[in-house]
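Structural overview for review
Take a look at the letters that make up each chain.
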Amino acid sequence: MFVSFEGCEGVGKSTQLRLLKEYLEKTGQHAVYVREPGSTAISEQIRNVILDKSNVAMTEMTEALLYAASRAQLVREVIKPALEKGELVICDRYVDSSIAYQGYGRELGAGLIRRINEPAVDDCMPDLTVFIDLSPENSWRGHRAADRLEQESNEFFDKVYNGFNREIEASNGRIVAVKPDIDKNVTSQKIISLMRERGIIK
Ligand code: TMP
């Protein structure tokens, strides 16, 4: 099974991934944890190029293709081999981030981003995508040092959030919005219940 996590900046995605990992470890359930962009030597190098604040000259198309290139490497080097072995793969961001950020945020268009990513994902789509549903105005963004993307305007993040919501509607139930509670443990329980209901974890 393959599960991805999505959300705007500062919605507590990393905390939720950590709590899920703790739960799975405590209950003796093994998973392969990866993040995007990154999680292979080549993908981490691409990540550094994408997020480097000094890369002010990077065009939007270059950015979109770099995310897809990082993904192509991760899918072939880690995700597919793990799924073939029957492992549970948990990915911090995946192709829906490209559609929301590059398709809607950068306004390159969802269709174009889908086409660019077709050869990258190579039919390897998540069984479930958990979208941590907190709008940019309610998020905790700005509480840590910003990388190149985190320096974007509020308007940009509104477009990204709207993009995720459009994706949910078009996903036939693959993407599930989870509203975070003030108490991170309550949110974690919601996510664990959802994954149990779908038969992904015990
Ligand atoms: P992170 O904050 O979850 O580590 O993600 C890194 C940044 O990259 C975040 O600002 C979202 C952005 N991103 C995209 O714009 N497109 C993508 O395809 C992915 C995977 C991430």
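For the structure itself, look to the data block above.
Model, not experiment: these values are computed from the prediction. (Residues numbered from 1 in each chain as written. Predicted model: local features only at pLDDT ≥ 70, side-chain atom pairs only at ≥ 80, totals over all residues. Heavy atoms only, no water.)

1. Remarks on the packing of aromatic side chains
- Within the structure shown, the criterion is met by six aromatic pairs.
- Measuring from ring centre to ring centre gives 6.2 Å for phenylalanine 131 and tyrosine 161, while their planes differ by 35°; the resulting arrangement is tilted. Residue phenylalanine 131 is located in strand β4 (residues 128-132), and its partner tyrosine 161 is located in helix α6 (residues 154-170); the two are separated by 30 residues in the primary sequence. When sorted by exposure, phenylalanine 131 lands in the same class as tyrosine 161, which is buried.
- Residue phenylalanine 131 is classed as buried on the basis of its relative accessible area of 0%.
- Above the plane of the ring of tyrosine 33 lies lysine 21, whose end atom (NZ or CZ) is 5.2 Å from the centre.
- One Lys or Arg, arginine 71, reaches over the ring of tyrosine 94 and ends 5.7 Å from the middle of that ring. (Phe/Tyr/Trp six-rings, centres within 6.5 Å; stacked < 30°, edge-to-face > 60°. Helix = DSSP H or I, 4+ residues; strand = E, 2+ residues; numbered from the N terminus. Buried < 20%, exposed > 50% of the residue type's maximum accessible area, 1.4 Å probe, protein only. Lys NZ or Arg CZ within 6 Å of the ring centre and 35° of its normal.)

2. A closer look at the site of the ligand
- In the region of the ligand, 13 residues are neighbours, and Tyr67, Arg71, Arg93, Ser98 and Gln102 sit closest.
- Note that an oxygen atom of the ligand is positioned 3.0 Å from one of the side-chain N or O atoms of lysine 13.
- Tyrosine 67 places a side-chain nitrogen or oxygen 2.9 Å from an oxygen atom of the ligand.
- Looking at the shell around the ligand, the element that brings in the most residues is helix α4 (residues 95-105), giving four residues.
- Classifying every residue of the shell around the ligand by side-chain character gives three nonpolar, three polar and seven charged. (Near = heavy atom within 4 Å. Polar contact = N/O pair within 3.5 Å; in protein donor to acceptor, adjacent residues only side chain to side chain. Nonpolar A, V, L, I, M, F, W, Y, C, P; charged D, E, K, R; others polar.)

3. Observations regarding the packing of helix α3 (residues 60-84) against α4
- Orientation of α3 relative to α4, taken along the N-to-C sense of each, is 175°, at an axis distance of 11 Å. By the angle between their axes, α3 is roughly antiparallel relative to α4. Residues Glu63, Ala64, Tyr67 and Arg71 of α3 pack against Val95, Ser98 and Gln102 of α4.
- When grouped by side-chain class, the residues that make up the contact of α3 with α4 number three nonpolar, two polar and two charged. (Axes fitted to C-alpha atoms, helices over the stretch in contact; angles between N-to-C directions. Parallel < 35°, antiparallel > 145°, perpendicular 65-115°, else oblique. Contact = heavy atoms within 4.5 Å.)

4. Quick look at the nonpolar core
- Counting residues in hydrophobic clusters, the biggest one holds 38 residues, and the most contacted among them are Phe5 and Ile201.
- When residues in this core are grouped by element, the largest group, six residues, is from α6.
- Excluding residues within four positions of it along the chain, phenylalanine 5 makes contact with Lys13, Leu17, Leu20, Ile90, Cys91, Asp92, Arg93, Val130, Ile132 and Ile191.
- Within the second largest apolar cluster, 22 residues are counted, among which are Ala68, Val95, Ile99 and Tyr104. (Core = buried A, V, L, I, M, F, W, Y, C linked by side-chain atoms within 4.5 Å.)

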